[in-house]
Amino acid sequence: MEEVKNVPRHVAIIMDGNGRWAKARKMPRSYGHIQGAKTVEQICEDAYNMGIEYLTVYAFSTENWSRPDDEVSQLMTLLRNYMKTCIQRASKNNMKVRVIGDKTRLDDDIQKSIADLEEATKDYTGLKFTIAINYGSRDEIRRAVTDIAGKVKEGIIDPSDIDEEMISDALDTSGYPDPDLLVRTCGELRISNFLLWQISYSEIYVTDVAWPDFDKEQLRLACEAYAKRTRRFGKVLEEE
Ligand code: IPE
Ligand code: IPE
Ligand code: MG
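Calculation criteria
- What you see as residue numbers is a count from 1 along each chain, following the sequence as written.
- The naming scheme follows written order: chains are lettered A onward, ligands numbered 1 onward.
- In keeping with the model being predicted, local features are shown solely for residues with a pLDDT of at least 70 and side-chain atom pairs are shown and tallied solely at 80 or more, while totals for entire chains, interfaces and linings include all residues.
- Only heavy atoms go into the side-chain values, all of them from the structure, while hydrogens and water stay out.
- For this document, the term salt bridge refers to a Lys or Arg side-chain nitrogen within 4 Å of an Asp or Glu carboxyl oxygen.
- Each helix is a run of H or I in the DSSP string that is no shorter than four residues. Each strand is a run of E no shorter than two, and both are numbered from the N terminus.
- Note on classification: 1.4 Å probe, protein chains only; a residue is buried when its accessible area is under 20% of the maximum for its type, exposed when over 50%, partly exposed between these limits.
- The contact criterion used is simple: two residues touch if any of their non-hydrogen atoms lie within 4.5 Å.
- Planes of paired rings set the category: under 30 degrees apart is stacked, over 60 is edge-to-face and the rest tilted, where pairs are Phe, Tyr or Trp rings (Trp by its six-membered ring) whose centres lie within 6.5 Å.
- Lysine and arginine charges are scored as sitting over a ring when NZ or CZ, respectively, is within 6 Å of the ring centre and within 35 degrees of the ring normal.

Colleague: Honestly, the pattern of salt bridges in this entry has me stumped. Any pointers?
Modeller: Between side chains of opposite charge, pairing is possible as soon as their charged atoms come close. Here the structure, examined in full by the defined rule, presents 24 salt bridges. Here glutamate 53 and arginine 9 are joined by a salt bridge, their closest N and O atoms 3.3 Å apart. Residue glutamate 53 is found in the loop between α2 (29-50) and β2 (54-61), and its partner arginine 9 is found in the segment before β1 (10-14); the two are separated by 44 residues along the sequence. The partner of lysine 122 in a salt bridge is glutamate 119, with the nearest N and O atoms 3.0 Å apart. For glutamate 119, a relative accessible area of 49% puts it in the partly exposed group. Beyond isolated ion pairs, a larger network of salt bridges with shared partners links Asp16, Arg20, Arg184, Glu188 and Arg190.

In structure tokens:
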């Protein structure tokens, strides 16, 4: 495989289409989620081998609680198992794992597995892998604003101290660079409440391929499309 040039440092993925993928195979939606979880494992390795430093994936949104109870519980079972087995994989791949989103709504044992996983992998220097669970960008911003307002109330900061950096630092993604490339699988042209603040200047790539079929080749295509983009950040470039 040809080496990809100008690889995005941080790729964020809206992993969509598990249900449609399963339906096309006359299988239950849960089968799509199981296959989707396998894709996550493989793509972490592929991303790192390609030179991507940060990978952030959207696994469960604040809005996904409104799915049928049995689907929510299947997704939680899958996440529960994933968190448990991720420690070994992360150690093998030197992967640092972080979970963003409001963890307090998750079952206690899942919260404990997440804490164990983050602690066990915190010094690893390979891929920085972030999983968004019970994540909604508006909820994240609400929590950040509450946090900052609390500091104002206590007199720790003045409202005039609030700058963009302070807001970024109050978000779940603090300390990590913004995504360079946002990928959405299975064709929908929307953001679905993912990283609204952080993707201000991300390049967007949408593929019709459903998440369970997203592989190294698909990732390479997304990175190649990214490499051809001209990022202006509002400026006029000299060559233009
Ligand atoms: C993405 O696949 C996984 C989650 C949102 C948890 P979907 O379950 O949304 O699959 P489609 O979009 O219905 O095909
Ligand atoms: C976005 O997919 C959320 C995740 C991938 C976890 P959805 O399937 O929930 O998004 P909508 O409902 O099509 O916008
Ligand atoms: Mg969907």
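Colleague: Quick question: what am I supposed to make of the side chain of threonine 130 here?
Modeller: Relative to the assigned elements, threonine 130 resides in strand β4 (residues 128-135). Judged by its relative accessible area of 2%, threonine 130 falls in the buried class. Setting aside anything within four residues of it in sequence, one finds threonine 130 in contact with Leu55, Thr56, Val57, Arg98, Ile100 and Tyr176.

Colleague: When you look at the packing of aromatic side chains in this model, what are you seeing that I'm missing?
Modeller: A ring pair, where both rings are aromatic, is described by two values, the distance of the centres and the angle of the planes. Taken as a whole and assessed by the stated rule, the structure comprises eight aromatic pairs. Here tyrosine 58 and phenylalanine 194 contribute two aromatic rings whose centre-to-centre distance is 4.2 Å and whose plane-to-plane angle is 10 degrees, an arrangement assigned as stacked. Placement of tyrosine 58 in strand β2 and of phenylalanine 194 in the loop between β5 (181-184) and β6 (203-206) is noted, with a sequence separation of 136 residues between them. For the residue pair tyrosine 58 and phenylalanine 194, the accessibility class agrees, reading buried in each case. Relative to phenylalanine 233, the ring of tyrosine 201 lies with its centre 5.3 Å away and its plane at 45 degrees, an arrangement referred to as tilted. Of this pair, tyrosine 201 sits in the loop between β5 and β6 while phenylalanine 233 sits in the segment after α7 (216-227), and the two are 32 residues apart along the sequence. Overall, the relative accessible area of 47% leaves tyrosine 201 in the partly exposed class. On the basis of relative accessible area, phenylalanine 233 is assigned to the partly exposed category, the value being 40%. Clustering of aromatic rings is evident, with ring pairs tying together Tyr58, Tyr135 and Phe194. Here arginine 105 stacks its cationic end above the ring of tryptophan 65, 4.1 Å away from the centre of that ring.

Purely geometric numbers; function is a separate question.
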